[in-house]
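Letter by letter, the chains look like this.
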Amino acid sequence: MNLILVTFIILLAFTSYYFGRKKALVIQSSQRLTALPKFYGYYLAAWCAAPALIIFALWSVFEPSIVKTFILQDYTDQNLTKNELQLIYTKVKALAAGTYTGNITNFLDESANKYIQLKGIANSAKVAIILAILIFSLSFAYRSVQKNDRMREPVEIFLKWVLFVASLGAVLVTIGIVFSLLFEAIRFFQAVKIFDFIFGTHWYPAKTFVRDGQPDPELMKDAFGAVPLFAGTFFIAFIAMCVAIPIGLLSGIYLSEYAGRGIRKYAKPIIEILAGIPTVVYGFFAALTVGPFVKEIGNAMGLEVSAESALAAGAVMGVMIIPFISSLSDDVMTAVPQNLRDGSYAMGATKSETVKKVIFPAALPGIVGSILLAVSRAVGETMIVVMASGLAANLTMNPLESTSTITAQIVVILIGDQQFGDPKTQSAFALGISLFIVTLLLNVIALSVVKKYREKYE
Amino acid sequence: MLKNIGKNMNSFKKNLLKKRYNAERRFQWYGKIAIGLALSFLAVFMFQIFSKGYSAFQKTWIVTEVHYDKELLLIDAESPSKDDLENADYYDVAYKAMTSLDTGLPEEEDRQLIQMVSYKYEAEVKDLLLKNPDFLGKIVPIKLTASDDVDQVHKGNYPRDIPEKNRRVNDYQLQIYDMLNERGDILSEFNISFFTSPDSREAELAGIASSFMGTVFSILVCLAFSFPVAVLAAIYLEEFAPKNKFTDFIEVNINNLAAVPSIVFGLLGLGVLLAVFNLPRSTPLVGGITLSLMTLPTIIIAARASLKAVPPSIREAALAMGASNMQTTMHHTVPLSMPGTLSGTIIGLAQALGETAPLILIGMVAFVNTIPGTPVDPAASLPVQIYIWSESAERGFVEKVSACIMVLLAFLILMNLAAQIVRHKFEKKWS
């Protein structure tokens, strides 16, 4: 039904384009045109499609909730909770679609009939309204075409609006992220105190699962302490940075100051391949090769090493991050003005002294920015940790034990079937929003540092 | 006396200079070592993947003889029709085909022989007869897919020297394998079924067709949603937006969005697309939309950069000829910026191609053993397939994962090459 309606609107828009252009050619024989003939076509087509499609979209968004309120009106006197009402509504819908398998009560049957009836009314009303709008807007547009008004401006203004709405897309995504996270997170914090979440040191959400019934509030208090996850996240990110910063920075320095054009041309893109490899591939590599390798070395030295150690995950993550640091620091050091270098050489400094005492301090803000971006990348990294660093949230500072991170726990909680309304599921959204805030802060700081640095030398 | 001091000073200076030059040389070596390390990581990594994965492109068959006995097939008709063949009972025939390899074995030990082929061997016996109906009543050679354990033994990935009770292949099976191998009845051929069959719990039957189609569908959906919106947004921001607070806000927004961890987009997909809009779970449609939200900022940034790179003289010339702002943009600026935009889009899609975490959250990890035909059928994607297989304990899946990674990397390399070609071939060089 909907598909037919949309196709009809679009087809009509196309025909009105041709019709408008033809009309313009007719007008041309008697008077001077105000725009190219195709703009007459565009004008008609835009008036035909835009209002109808907007109404159609609004209708489709609001229709289900209105129908729902109508159906559930019959149940308001029964003192049902929101979840029970939702369940009833799902049942009614299933019954109406003929896919219901439970036993059918009279009441349910009645509601289903009402649902079908309402849907029928809504559908015919939708078609009628959209047809009316099509006729109205087309006749309006046709009249102005007949009058030979200026045709190009309105079309261009319309196009500009389309462009503007598209640019709102990015904002919409952000709003969507914030709201979807906040919505579930707020419900989570109604069940678990925010204090317990931020400062609790014991993360074990599976404990709260109780078949049929509400979980014990005492248990809830002790099961959602996110400190081990925060600690694990930053611990693994720290290990990653221990690998990535020295290697990345030194390669960046070598590329920008020492390497000839030939080496630079090939080495830089090859190192950047490291950043293009999907993280799940790194995860496989960490779990299958690096993890056992670290364990073997540790055992040879007489240390107790878990097969899924934070060290393996962090080290592999560090390798992944090398290009972020090397490329960015190469860029910022290349951007340091040549006269600083020349001044230093003129004083008799060697190249390495120039790098250490002049170029590095001058490029420091940019380098710090790039490191912060890399940290934010490491904090948000998921698959390597999920596959290589175990899933139990230990509060430990021993790199040879397994730890878990925010991202890994989100995956653990939400893999498979989820039940919305369960504090365990909601806790994933609470973790998500803390992750979002942390990475956002890191990015904002990093971008402002880099921006300030750029202003200094441009 | 003075002379001596001068001499000392000189040698001191010489020593200092030597020290400084040594430091210089050391520093340069640090840089070389760092680059060498980064490159060797890449090399080790590639070597590991290729050395583990190349064998997955070979499939092992066990050749034996099957007797299509009419009595065992329970076919009564003199000249059976296709339907009769279709409905015949192949259990005994297939069973005999395997057990005939060693007639000396007591009956209760027969399972050991059956375990050497994939559990679908009965279907393979049936397919051969359906393809060649004239085999009925004859004894013909047949190729059966070897079980993943025999497969691994044949490829040399299975240590034979560990104690028998720790091995999934026992001594008797190894003995039979050796006998067959000597006779040349173990065949190794190019593994077409790896590319044509969907996922399976059995390593020897598992293929990437379902996840491959899932990836293709999600990328197409992602392209369809993100490309138009991103390009239109970029045009507005670069060519029409007034310089005010709101435009700045949009810009900051886009930059920050580009750095949001991918898993947060998965939460968005779960919380909005599945919970609010009730789109079908586990499908490439939802996966593609989620990925498109992620690639949106990447494409916007690339498109803006390439719009910015079009020199103002082009716009001025068009305006001077009497074109309106919109005409200048749509007829001149945008077409000239397209190569850069397209290559940025391909790179954004390549990133989306490798994404796993958001797809896991929207349920694309479900076990799918059919090949999806539309974007609204449940499916996995290549990176998710890598994750699923690498969680499996069976040895046979290790090489499958590596092979799947090779396919994924090949895909990524192709896309990046395409981006390079689009950029270099079609982009105009200004000045």
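Because the structure is predicted, anything quoted here is derived from the model rather than measured.

S.K.: What am I meant to see in the overall build of chain A here?
M.R.: For chain A, the helix and strand inventory stands at 16 helices and 0 strands. Dimensions along the principal axes, computed over C-alpha positions, put chain A at roughly 85 × 70 × 35 Å. In chain A, buried positions account for 46% of the 458 residues. Accessible area of chain A: about 23100 Å², with a carbon and sulfur share of 66%. Distance from the positive charge centre (37 side chains) to the negative charge centre (30 side chains) of chain A: 14 Å.

S.K.: Help me understand the overall build of chain B in this model?
M.R.: A tally of regular secondary structure across chain B gives 18 helices and 3 strands. What you see for chain B is a C-alpha radius of gyration of 32 Å, clearly larger than the 22 Å of a compact globule of 431 residues, by over 25%. Oriented by its inertia axes, the alpha-carbon framework of chain B measures out at about 100 × 90 × 40 Å. Looking at chain B as a whole, 49% of its 431 residues qualify as buried.

S.K.: Explanation requested: the interface of chain B and chain A in the structure shown.
M.R.: Accessible area lost upon the coming together of the parts is a frequently used measure of interface size. Listed by partner, the interface residues are 75 residues for chain B and 77 residues for chain A. Counting each side, the surface lost to burial between chain B and chain A is near 6400 Å², with a carbon and sulfur contribution of 80%. The largest per-residue losses of area from chain B upon contact with chain A belong to Phe27, Phe45 and Leu267 of chain B, which jointly make up 10% of the total buried on that side. Between chain B and chain A we count 1 salt bridge in total. Seen at the junction of chain B and chain A, the total is 8 residue pairs in polar contact (both at pLDDT 80 or more). For the side of chain B that touches chain A, the residue count by class is 55 nonpolar, 14 polar and 6 charged.

S.K.: Explain the packing of aromatic side chains here, please?
M.R.: Think of a pair of aromatic rings as described by two things: how far the centres are apart, and how the planes are tilted against each other in angle. Following the criterion strictly, the structure yields 28 aromatic pairs over all chains and no others. Ring geometry for Phe19 of chain A against Tyr142 of chain A: centres 5.9 Å apart, planes inclined by 35 degrees, an arrangement best described as tilted. Of this pair, Phe19 of chain A sits in helix 1 (residues 2–30) while Tyr142 of chain A sits in helix 4 (residues 106–146), and the two are 123 residues apart along the sequence. Seen from their ring centres, Phe212 of chain B and Phe411 of chain B are 5.5 Å apart, and the 55 degrees between their planes marks the pair as tilted. Residue Phe212 of chain B is located in helix 10 (residues 209–240), and its partner Phe411 of chain B is located in helix 18 (residues 396–426); the two are separated by 199 residues in the primary sequence. Owing to a relative accessible area of 22%, Phe411 of chain B belongs among the partly exposed residues under this scheme.

S.K.: Would you take a moment to explain a nonpolar patch on the surface for this structure?
M.R.: Residue and element names in this part refer to chain A. Residues Ile54, Leu58, Val61, Phe62, Ile66 and Phe70 make up a contiguous nonpolar surface patch of roughly 570 Å² in combined accessible area. Residue position: Phe62 is located in helix 2 (residues 37–72). Of the residues examined, Phe62 reaches a relative accessible area of 47% and is grouped as partly exposed.

S.K.: Explanation requested: the packing of helix 14 (residues 312–320) of chain B against helix 15 (residues 325–353) of chain B in the structure shown.
M.R.: Each packed pair of helices is defined by two parameters, the angle between the axes and the distance between the axes. Residue and element names in this part refer to chain B. Packing of helix 14 against helix 15 brings their axes to within 9 Å, and their N-to-C directions diverge by 145 degrees. Every pair of crossing elements has a handedness; the one defined by helix 14 and helix 15 is right-handed. Mapping the contact onto sequence places Ile314, Arg315, Ala318 and Leu319 in helix 14 and Asn325, Thr328, His332, Thr333 and Leu336 in helix 15. Classifying every residue of the contact of helix 14 with helix 15 gives 4 nonpolar, 4 polar and 1 charged.

S.K.: What's the story with the environment of Ala403 of chain B in this structure? I'm lost.
M.R.: Residues and elements named next belong to chain B. Within the secondary structure, Ala403 sits in helix 18. Judged by its relative accessible area of 0%, Ala403 falls in the buried class. The spatial distance from the C-alpha of Ala403 to the C-alpha of Thr215 is 16 Å, given a sequence separation of 188 residues. Excluding residues that lie within four positions of it along the chain, Ala403 makes contacts with Gly53, Ala56, Phe57 and Phe194.

S.K.: What should I look at first to understand helix 1 of chain A in this one?
M.R.: For an α-helix the count is 3.6 residues per turn, leaving residues at separations of three or four pointing the same way. All names here are of chain A. With 29 residues, helix 1 extends 42 Å from end C-alpha to end C-alpha; this agrees with the ideal 42 Å at 1.5 Å per step. Those residues of helix 1 lying buried are Leu5, Ile9, Ala13, Ser16, Tyr17, Gly20, Lys23, Ala24 and Ile27. Residues of helix 1 that are buried in the fold lie against helix 2 and helix 4.

S.K.: How do you make sense of the pattern of salt bridges when you look at a structure like this?
M.R.: Side-chain pairs of opposite charge can arise where the charged atoms are in close proximity. Residue and element names in this part refer to chain A. Scanning all chains against the criterion turns up 16 salt bridges over all chains. In this structure, Lys119 engages Glu63 in a salt bridge whose closest nitrogen and oxygen atoms are separated by 2.9 Å. One end of the pair, Lys119, is in helix 4; the other, Glu63, is in helix 2, and 56 residues separate them in sequence. Here Glu63 falls in the buried class, since its relative accessible area comes to 11%.

S.K.: Sorry, what's going on with unusual backbone geometry here?
M.R.: Trans is the common state for peptide bonds, and a negative phi is the common state for residues other than glycine. Phi at Ser282 of chain B takes a positive value of approximately 60 degrees, unusual for a residue other than glycine. When you line up the elements, Ser282 of chain B lands in the loop between helix 12 (262–274) and helix 13 (284–308).

S.K.: How do you make sense of the nonpolar core when you look at a structure like this?
M.R.: Across soluble globular proteins, you tend to see nonpolar side chains buried next to one another. Counting 173 residues, the largest nonpolar core has Ile177, Tyr282 and Ile410 of chain A together with Phe265 of chain B as its most contacted members. Looking at this core element by element, the count peaks at 15 residues for helix 8 (residues 227–258) of chain A. Other than its neighbours up to four places away in sequence, Phe265 of chain B contacts Val173 and Ile177 of chain A together with Leu257, Val260, Thr290, Leu293 and Met294 of chain B. Core analysis: the second largest hydrophobic core is formed by 38 residues, Leu85, Leu113, Val125 and Ile186 of chain B among them.

S.K.: Looking at this structure, how should I read the domain arrangement of chain B?
M.R.: Residues and elements named next belong to chain B. Here the domain parsing of chain B yields domain 1 (61–189) and domain 2 (209–426). Distance from the C-alpha centre of domain 1 to the C-alpha centre of domain 2: 47 Å. Residue-level contacts link 8 residues of domain 1 with 4 residues of domain 2. Across the domain 1-domain 2 interface, the total number found is 1 salt bridge. Residue Glu399 pairs with Lys155 through a salt bridge whose shortest N-O separation is 2.9 Å. Our enumeration of links across domain 1 and domain 2 arrives at 2 residue pairs in polar contact (both at pLDDT 80 or more). Tallied by class, the residues present in the side of domain 1 that touches domain 2 amount to 2 nonpolar, 2 polar and 4 charged.

S.K.: Can you help me understand the sheet that holds strand 2 (residues 139–145) of chain B in this one?
M.R.: Backbone hydrogen bonds are what pair the strands of a sheet, in a parallel or an antiparallel way. Residue and element names in this part refer to chain B. Taken together, the 3 strands give an open sheet; going across it, the order is 2-1-3, and neighbouring strands pair in antiparallel fashion. Among the strands making up the open sheet, the edge pair consists of strand 2 and strand 3 (186–190). Going across the sheet, the axis of each strand differs from the next one's by a mean of 40 degrees, ignoring polarity. Sitting on the sheet, helix 6 (residues 121–131) is in contact with strand 1 (58–67) and strand 2, with an inclination near 135 degrees to strand 2.

S.K.: Would you explain the domain arrangement of chain A in this entry?
M.R.: According to the domain assignment, chain A consists of domain 1 (2–150) and domain 2 (221–457). Of note, the centres of domain 1 of chain A and domain 2 of chain A, computed from C-alpha atoms alone, are 50 Å apart.

S.K.: Just to check I follow, could you spell out the packing of helix 2 of chain A against helix 5 (residues 152–191) of chain A for this structure?
M.R.: Residue and element names in this part refer to chain A. At a minimum axis separation of 9 Å, helix 2 and helix 5 run at an interaxial angle of 45 degrees. In terms of orientation, helix 2 and helix 5 fall into the oblique class. For the pair helix 2 and helix 5, the crossing hand works out as left-handed. For the pair helix 2 and helix 5, the contacting residues are Phe39, Tyr42, Tyr43, Ala46 and Ala50 in the first and Arg152, Pro154, Val155 and Phe158 in the second. Tallied by class, the residues present in the contact of helix 2 with helix 5 amount to 8 nonpolar, no polar and 1 charged.

S.K.: So what exactly am I meant to see when it comes to the side chain of Gln409 of chain A here?
M.R.: Residues and elements named next belong to chain A. If you trace the backbone, Gln409 turns up in helix 15 (residues 406–414). Residue class for Gln409 comes out buried when judged on its relative accessible area of 4%. Aside from chain neighbours lying at most four places away, what touches Gln409 is Trp203, Leu229, Leu391, Ser404 and Leu431.

S.K.: What am I meant to see in the environment of Val44 of chain B here?
M.R.: Along the chain, Val44 of chain B turns up in helix 1 (residues 2–53). Separated by 192 residues in sequence, Val44 of chain B and Tyr236 of chain B have C-alpha atoms that sit 46 Å apart.

S.K.: Hey, could you run me through the side chain of Gln173 of chain B in this one?
M.R.: Residue and element names in this part refer to chain B. By the secondary structure assignment, Gln173 is in helix 8 (residues 171–183). Given the relative accessible area of 4%, Gln173 is considered buried. With residues near it in sequence (within four places) discarded, Gln173 still touches Gln112, Gln115, Met116 and Arg168.

Calculation rules
Residues numbered from 1 in each chain as written. Chains lettered and ligands numbered in written order. Predicted model: local features only at pLDDT ≥ 70, side-chain atom pairs only at ≥ 80, totals over all residues. Heavy atoms only, no water. Helix = DSSP H or I, 4+ residues; strand = E, 2+ residues; numbered from the N terminus. Buried < 20%, exposed > 50% of the residue type's maximum accessible area, 1.4 Å probe, protein only. Areas by Shrake-Rupley, 256 points an atom, 1.4 Å probe, with all protein chains shown as cover. Lys, Arg positive; Asp, Glu negative; His and termini not counted. Charge placed at Lys NZ, Arg CZ, Asp CG, Glu CD. Rg over C-alpha atoms; globule rule 2.2 N^0.38 Å. Contact = heavy atoms within 4.5 Å. Buried area = accessible area lost by both parts, 1.4 Å probe. Salt bridge = Lys/Arg side-chain N within 4 Å of Asp/Glu carboxyl O. Polar contact = N/O pair within 3.5 Å; in protein donor to acceptor, adjacent residues only side chain to side chain. Nonpolar A, V, L, I, M, F, W, Y, C, P; charged D, E, K, R; others polar. Phe/Tyr/Trp six-rings, centres within 6.5 Å; stacked < 30°, edge-to-face > 60°. Patch = residues over 30% accessible without salt bridge, like charges linked within 9 Å, V, L, I, M, F, W, Y side chains within 5 Å. Axes fitted to C-alpha atoms, helices over the stretch in contact; angles between N-to-C directions. Left-handed = near helix turned anticlockwise from the far one by under 90°. Expected span 1.5 Å × (residues − 1). Core = buried A, V, L, I, M, F, W, Y, C linked by side-chain atoms within 4.5 Å. Domains from an automatic or database assignment. Pairing = 2+ DSSP bridges. Parallel < 35°, antiparallel > 145°, perpendicular 65-115°, else oblique.

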